[in-house]
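# Descriptive analysis of the structure
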Amino acid sequence: MSQRISQALTKLFGKHRIVFWYDDDNSLRKDFETVELDGVEKVEVNNNQFGLKYRMLREEPSQKFLVFHQGPQPADKDNWLLDVQLAHTDFRTDKASLWLTELELPYEFKPIVAKHEHFFGLARRRDRLRASVTKVDTPSQILLKMLAICADADMRLDSVLENLLAEAAEDFGFSIDDFRLEDSSDPKSKIPHPKFRLIRKCGLEDFLWESVQRVYGYDSSRPSVKDFAIELFRSCYAMEVRDEESKIQNPKSKMGSEALVFLKRWKDSRTHEQAFESLSNQCAEILSIQSDLERRPLKQLAEVDYFRLVDLKVLSELASAVLNKTMTSGEVTQVIRLRRRGHWYREFSHLYEAVEHAAALSGLLDTLTLQFDSLSRGIEVYRETLFRVDQIYRKFVYHSERAGNATFFHKLTETICGRYTNSFLMPLGDRWQEFVDKMDKWKIAGSVPQAGFFDRYIGRVLDKNNKLFVIISDAMRYEIGEELSRRIRSEDKFDANLDAMITSLPSYTQLGMASLLPHKKLSINDDKGMTVTCDGVSASGTAGRDRILKSAIKGGALAVQADEILAKNKEDVRALVRDHDVIYIYHNRIDKTGHTRDTERQAFRAAEEAMDDILRLVKKLTSANATNVVVTADHGFLYQDEVTESDFSQAEVKGDISGTDRRFVIGRNLSIEGAALLYSAEDLGLDGDFQVAIPKSINRFRKSGSGTRFLHGGSTLQEILVPVVQVKKRRETDVSAVNVDIMPTTTSVISTGQLSVAFYQSEPVTEKVQARTLRVGIYAGDGELISDSHELVFDLTSENARERELKVRLVLSKEADNYNQQPVTLRLEELVAGTSHFKEYKSAQFTLRRSFTSDFD
C-alpha cells in the first residue's frame, strides 16, 4: 500500500505544488508518517490553517507541500484552505481514488470508476485509457473510450460497432447468452464474442445500446449485435428502395440517415470487408431479400449494393434486357457505370463487362452494313469499322469465360455467339469470298504483302544506319493489334502508328514466320510439320530463323524468344541492343493457347496476356535505348465460341496430301469436290510444285483430334490481315488526366439531410487524356467528414457532352448537426500517387442550414 501511495503522490507532485491528503477513516497516519518524497515538505492541518496558508503562499511559494488532514474533508463553508485546495489538488487513498490519480482524472469521475471496477482492475486497460483521456473529456466521452478499449477499436462509436460486427460475423448463429461470462480480456482467448463479453462484464452494455439508440436510432427491447445488424440492413435497404409498403420495412424503426452513412462507410472499409459480406449474406437470408427482389424493377435497384443478391438480380435483368432489346447499349452502360461504384462489383466485374459488351455488340450488329465492291475496299472498311465487331466479340467471350458458368448467362451467350456468326462472321466471309473467288493470284492491290515486310519496314531503317527491333506475336490478329496500339499510346512518352499487312497463304505459323524474314523465295516442304524454307534454308524454330537473319544482316542480328528478353535485367538488354542492328523477338501465347484443345476457349484470355507481355517488352527495349520497335504477327485467326454442323465444309480434297489442317490442305495432284478453292504454289507467290486447297468463307475441313473454335490458315479477313505497330518513344511527357468540374447547383444552402450534385468531365478520355479517379464528400470547417463519401471514376469516352455528366447523392451524417448554420465544403480529392494520402482537387462552398424537420428526410 505504501508503495502505491508513494507512486500516486509522486505523479501528483509532478503537476502540482500542493497536495491535500484527507484520512477519511483515520487509518492512514502511519502511511503519512513513513512516506518520504524528495523535495516535498509534509505538514499537518491542526487548527493552524491560517499559518499554513501564509507559509505555503507567502513564505515558501516555491516549496512543494503534502498537507495531511486527520479525518474527512470539512464542509466547504468550514474549510479555510478550500481556495488553496481548489487551486491545486487533493489525494484520496481508496482503490477508486488511486485509479483516478493514476489516470489523472478529477474526483467527479469517481462514480464511473466505482461502477465499472472490472474495467479498471486491469493495468493494461488503465494504461490505454490514460493515454487517450483529455482534460475536457465529459463522463460520456470517458465511457465511450472505455467501450472502445474493450472492443479494441478507435475511440469512436462507429469503430466500436465495426469491431463488434466483425466479431459477430464469426459466430452469427450464436447468442451471447449461450456462453459463460468469463473474463475474456486475453487477446488470445478463443471464447466466442470476447469483445462483447468484456463490454458486458465491465458494465458498459447499457451505455453501448443507449449510445447506439441516440446516434443511429436503433431501439430494441432485447438489443444485441446480431439484432442491430439485421435492423441496420433492413432499414437501409428499405430507405434505398423507398417503398413504404415493402414487407422488409419495419414501421417501428427509427433508424435514419446516420445509419445509412454508417452502413455505406462500413461496406467500403477494406478492413471490415469480410465481416460486411458475411453479415450481408446472412441477413439477406433472414430478411428474405431474394423474395423481395423478385418484384423490384431494375431502375429501383440501380444504386443499391447492400446485398450480393441485388447484383445477381441486376445482372439477370440486364442480360434479359439485352436479349429482348428493351434497353439500348447506352442505357445498359449507364446502369453498369452506377454498379461500378458498388461493393460487389469486383466479384461480378467480368459478368458486368460481358453484359456491357453484349449490349454494344448487339447494337453494332443492328446498324451494320457489309457492303464493299473490291478486296481493297473490303480491307479499308474492315480497318475503319468492321474490326470493332471482332474486338467487342473477343471482349464478350473473354469476360464470359473469366466469369465462369453463370446459369442465367447461358441464353445470352448462345444468342450473342449466334448473332456474331450469323449476322457478321458468315456474311462478311461470304461477301469477301465473292472477290477472292475472282483472284488469279494471291495479291491484293494497294496492300502490303507479308513477304515484303523485311524490305518495307527493316531494310529502309538499316539503309539509314539505324537499328530495329521486331516483336512477332503468333496469331495476333489485326483487331488485337489495334487495341495494343491504343494501349501503347496511352503510356506516357509513347506513340504507336498502326499499319496492316496481308499474310501469305495459307495463313499458318511456319509460312507466316518465314515470310517476315529476309528472302527471295519461299517454299513449303513435304513434311508432316509443313515447314518452310527461305532460299533453301530451313526457317523452322528460333535457331533456323537466327541463321537466316545473321546471313542477311552484316551489322549483327539475333533471333530470340520473348521469355528470354523478359527474364533479362536492364543491363543485359542494353548490351543486346548495343551489339545488334536487328533483333527478332518471338512471342507465342495466343496461338499456343488456342491450338491446345483443352484451352482453346481461353484464347481471348491469352490475347489479353499477350498485350501485357508485349507492352512489357516494348518498355524493356526502349529503356535499353531501342528507338525503333515494330510489333507484328505471322497470321490472324477465326474464333467461334459456338460451332455448329453447318460450319464444317462439305468439300472433299483428294490426291497426294502431305499436310492437313482445319483451314487448308497441302499436297500434289489435288482435286476438289465442293466449296473450296485450289491454288498452285505459283498462284500464292511460293516456290515449288505443290498445291493448296482452302475451304470457302469461314468453313472448316473435318479433322480428328483438333479443336474447333480457334483456327487459321484460310483467307478470311480475320486470318490474313495482321497489324504492323511502329512504336516510338518521345522525350517529353505527353499524358494528362481528364479535367473534372463541379456543376453549379440551384442553391448554395443545404437544408435537408442530403445533397445531390453533378460533375462534368470536360473532355472525352483518349489515349493521351486519361481517366481520373476522385473521392467526394462534404467536410466541415475543421476537416471533419460529415457525409458519406464516394469514389468516382471519370473515364467517359463519349463526344456528347451530356453523356459526360456524373450525378451523386451525398447523405449527411449526425455529425453534421454540430455544424448547423456554418459553412461546409463539398470536396473532390485525388489520391497522391504511391501513397495513401489524398490532396484536394476541387471544392465548392455551401452553408448548412437544417431545420428540425430535416431529421425526417
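Residues numbered from 1 in each chain as written. Predicted model: local features only at pLDDT ≥ 70, side-chain atom pairs only at ≥ 80, totals over all residues. Heavy atoms only, no water.

## What about the packing of aromatic side chains?
Note the cut-off: Stacked, tilted and edge-to-face pairs are distinguished by plane angle, under 30 degrees for stacked and over 60 for edge-to-face with tilted covering the rest, among Phe, Tyr and Trp rings (Trp via its six-membered ring) whose centres lie within 6.5 Å. Note on criteria: charge over ring means Lys NZ or Arg CZ within 6 Å of the ring centre, with the direction from the centre no more than 35 degrees off the ring normal.
Summed over the entire model, instances satisfying the criterion amount to 35 aromatic pairs. Joined through ring pairs, the aromatic side chains of Phe196, Trp209, Tyr216, Tyr218, Phe228, Phe233, Tyr237, Phe262, Trp266, Phe276, Phe307 and Trp344 make up one cluster. The ring of Phe648 has Arg702 lying over it, and the distance from NZ or CZ to the ring centre is 4.7 Å. Sitting over the face of the ring of Tyr779, Arg827 holds its NZ or CZ atom 4.0 Å from the ring centroid.

## Quick word on a positive patch on the surface
Rules: A patch is a set of surface residues, each over 30% in relative accessible area and not in a salt bridge, joined within 9 Å for like charges and within 5 Å for the nonpolar side chains Val, Leu, Ile, Met, Phe, Trp and Tyr. Computed by Shrake-Rupley with a 1.4 Å probe, the accessible areas treat only the displayed protein chains as cover when residues are assessed. When a carboxyl oxygen of Asp or Glu lies within 4 Å of a side-chain nitrogen of Lys or Arg, that pair is called a salt bridge. Charged residues are defined narrowly, with Lys and Arg counted positive, Asp and Glu counted negative, and His plus the chain ends left uncounted. Lys charges are placed at NZ, Arg charges at CZ, Asp charges at CG and Glu charges at CD. Numbering of helices and strands runs from the N terminus; a helix is a DSSP stretch of H or I covering at least four residues, while a strand is a stretch of E covering at least two. Relative accessibility decides the category of a residue: with a 1.4 Å probe and only protein chains considered, values under 20% of the type maximum give buried, values over 50% give exposed, and everything between is partly exposed.
Together, Arg456, Arg460, Lys464 and Lys728 make up a positively charged patch on the protein surface. Tracing the backbone through its elements, the reader meets Lys464 in the loop between helix H23 (453–463) and strand E6 (468–473). Judged by its relative accessible area of 63%, Lys464 is exposed.

## Topic: the nonpolar core
We count it as follows: What we call a nonpolar core is a set of buried Ala, Val, Leu, Ile, Met, Phe, Trp, Tyr and Cys residues that are connected through their side-chain atoms within 4.5 Å. Here, residues are in contact when the closest pair of their heavy atoms is within 4.5 Å.
Counting residues in hydrophobic clusters, the biggest one holds 210 residues, and the most contacted among them are Phe228, Phe233, Phe307, Phe453 and Tyr584. Ranked by residue count, the leading element in this core is helix H21 (residues 375–403), at 12 residues. Setting aside anything within four residues of it in sequence, one finds Tyr584 in contact with Phe453, Phe454, Ile458, Val470, Ile472, Leu516, Leu517, Leu549, Leu558, Ala559 and Val560.

## Focus on the packing of helix H28 (residues 570–579) against helix H30 (residues 603–623)
Put simply, the test is: Whenever a helix is involved, its axis is fitted only over the stretch in contact; in every case the axis is a line through C-alpha atoms, and angles between N-to-C directions fall within 0 to 180 degrees. Relative orientations are named as follows: roughly parallel for angles under 35 degrees, roughly antiparallel for angles over 145 degrees, roughly perpendicular for angles from 65 to 115 degrees, and oblique for any other angle. Residues are grouped as follows: nonpolar covers Ala, Val, Leu, Ile, Met, Phe, Trp, Tyr, Cys and Pro; charged covers Asp, Glu, Lys and Arg; every other residue, Gly included, is treated as polar.
Contact pair H28 / H30: the axes reach a minimum separation of 8 Å and the direction vectors enclose 70°. Taken together, the axes of H28 and H30 lie roughly perpendicular to each other. For the pair formed by H28 and H30, the contact residues are Lys570, Val573, Arg574 and Val577 on the first element and Lys620, Leu621 and Ser623 on the second. In the contact of H28 with H30, the residues fall into three nonpolar, one polar and three charged.

## Some remarks on the pattern of salt bridges
Tallying each qualifying case throughout the model produces 69 salt bridges. With a shortest N-O distance of 3.5 Å, Asp581 and Lys467 are connected by a salt bridge. Of this pair, Asp581 sits in the loop between H28 and strand E12 (582–587) while Lys467 sits in the loop between H23 and E6; the two residues are 114 residues apart in sequence, bridging distant segments of the chain. Looking at Asp581, the relative accessible area reads 23%, which means it is partly exposed. For the salt bridge of Arg663 with Glu719, the shortest nitrogen-to-oxygen distance reads 2.7 Å. With Arg663 in the loop between strand E15 (652–660) and strand E16 (665–673) and Glu719 in helix H31 (residues 717–720), this residue pair connects regions lying 56 residues apart in the sequence. This pair shows no difference in class: Arg663 is buried, exactly as Glu719 is.

## Notes on the sheet that holds strand E2 (residues 40–44)
For clarity, the cut-off: Here, a strand pair is defined by DSSP locating no fewer than two bridges between the strands.
Across the sheet, which stays open at both edges, the four strands sit in the order E2-E3-E1-E4 with parallel pairing between neighbours. Of all the strands in the sheet, the pair left with one neighbour each is E2 and strand E4 (89–91). Across the sheet, the mean angle from the axis of one strand to that of its neighbour is 25°, orientation sign disregarded. Of the pairings in the sheet, the one linking strand E1 (residues 18–23) to strand E3 (residues 64–70) comprises six bridges and is parallel in character. Counterpart to Trp21 in the pairing with E3 is Phe68. Running over the sheet, helix H3 (residues 49–59) touches E1, E2 and E3 and is turned about 165° from E2.

## Some words on the packing of helix H13 (residues 225–241) against helix H15 (residues 273–286)
Following both chains from N to C, one finds H13 and H15 inclined at 75°, their axes separated by 10 Å at the closest point. Between H13 and H15, the angle falls in the class roughly perpendicular. Residue-level inspection shows Ala229, Ile230 and Phe233 of H13 in contact with H15, the latter providing Phe276, Leu279, Ser280, Cys283 and Ile286. Across the contact of H13 with H15, the residue classes break down as seven nonpolar, one polar and no charged.

## Considerations on the side chain of Asp23
For Asp23, the location among the structural elements is in strand E1. Buried charge Asp23 goes without a salt bridge, the closest partner of opposite sign being Arg29 at 6.2 Å. Apart from residues no more than four positions distant in its own chain, Asp23 is found in contact with Leu28, Arg29, Phe68, His69, Gln70, Gly71 and Pro72.

## Description of the sheet that holds strand E9 (residues 532–534)
Adjacent strands of a sheet form backbone hydrogen bonds with each other and so pair up, either parallel or antiparallel. Pairing is antiparallel in the open sheet, where three strands are placed in the order E8-E9-E10. Every other strand in the sheet has two partners, leaving strand E8 (522–524) and strand E10 (537–538) as the edge strands with one partner each. With two bridges connecting them, E9 and E10 associate as antiparallel partners. Across the sheet, residue Thr533 finds its bridge partner in E10, namely Ser538.

## Concerning unusual backbone geometry
Between Leu505 and the following residue, Pro506, the backbone shows a cis peptide bond with an omega angle of 5°. As for its placement among the helices and strands, Pro506 is situated in the loop between strand E7 (494–502) and helix H25 (509–515). Phi at Asn47 takes a positive value of approximately 60°, unusual for a residue other than glycine. Within the fold, Asn47 resides in the loop between E2 and H3. Note on Asn47: relative accessible area 74%, which makes it exposed. At Lys493, a residue that is not glycine, the phi angle is positive and equals roughly 75°. Among the secondary structure elements, Lys493 is positioned in the loop between helix H24 (478–489) and E7.

## Considering the confidence of the model for the protein chain
Interpretation of this model should avoid reading the predicted coordinates in detail wherever pLDDT is low. To keep it simple, the criterion reads: Residue-level confidence of the predictor is summarised by pLDDT, bounded by 0 at the bottom and 100 at the top.
Per-residue pLDDT for the protein chain has a mean of 90; in total, 94% of the residues score no lower than 70. The low-confidence segment residues 174–189 (pLDDT under 50) makes 32 contacts with residues lying over four places distant or belonging to another chain.

## Section: helix H18 (residues 308–324)
Where we set the bar: Expected span of a helix: the number of residues minus one, times 1.5 Å.
Taking 1.5 Å of rise per residue, the 17 residues of H18 would be expected to cover 24 Å, and the 25 Å separating its terminal C-alpha atoms lies within 8% of that figure. Among all positions of H18, only Val310, Asp311, Lys313, Val314, Leu315, Leu318, Ala319, Ala321 and Val322 are buried. Buried residues in H18 make contact with helix H16 (289–293), helix H17 (298–301), helix H19 (329–339), helix H20 (345–366) and helix H22 (410–436). At the C-terminal side of H18, Lys325 shows a positive phi close to 55°.

## Some points on the pairing of strand E29 (residues 822–831)
The buried fraction of E29 amounts to seven of the 10 residues, a majority that puts the element mostly inside the structure. When strand E26 (residues 772–779) meets E29, the two strands line up antiparallel, connected through five bridges. Counterpart to Val776 in the pairing with E29 is Leu828. As paired strands, E29 and strand E30 (residues 838–848) are joined by 10 bridges and run antiparallel to one another. What sits directly across from Leu828, in E30, is Lys842. Counted between consecutive antiparallel strands, the loop separating E29 from E30 contains six residues, among which Gly834 sits at a positive phi close to 80°.

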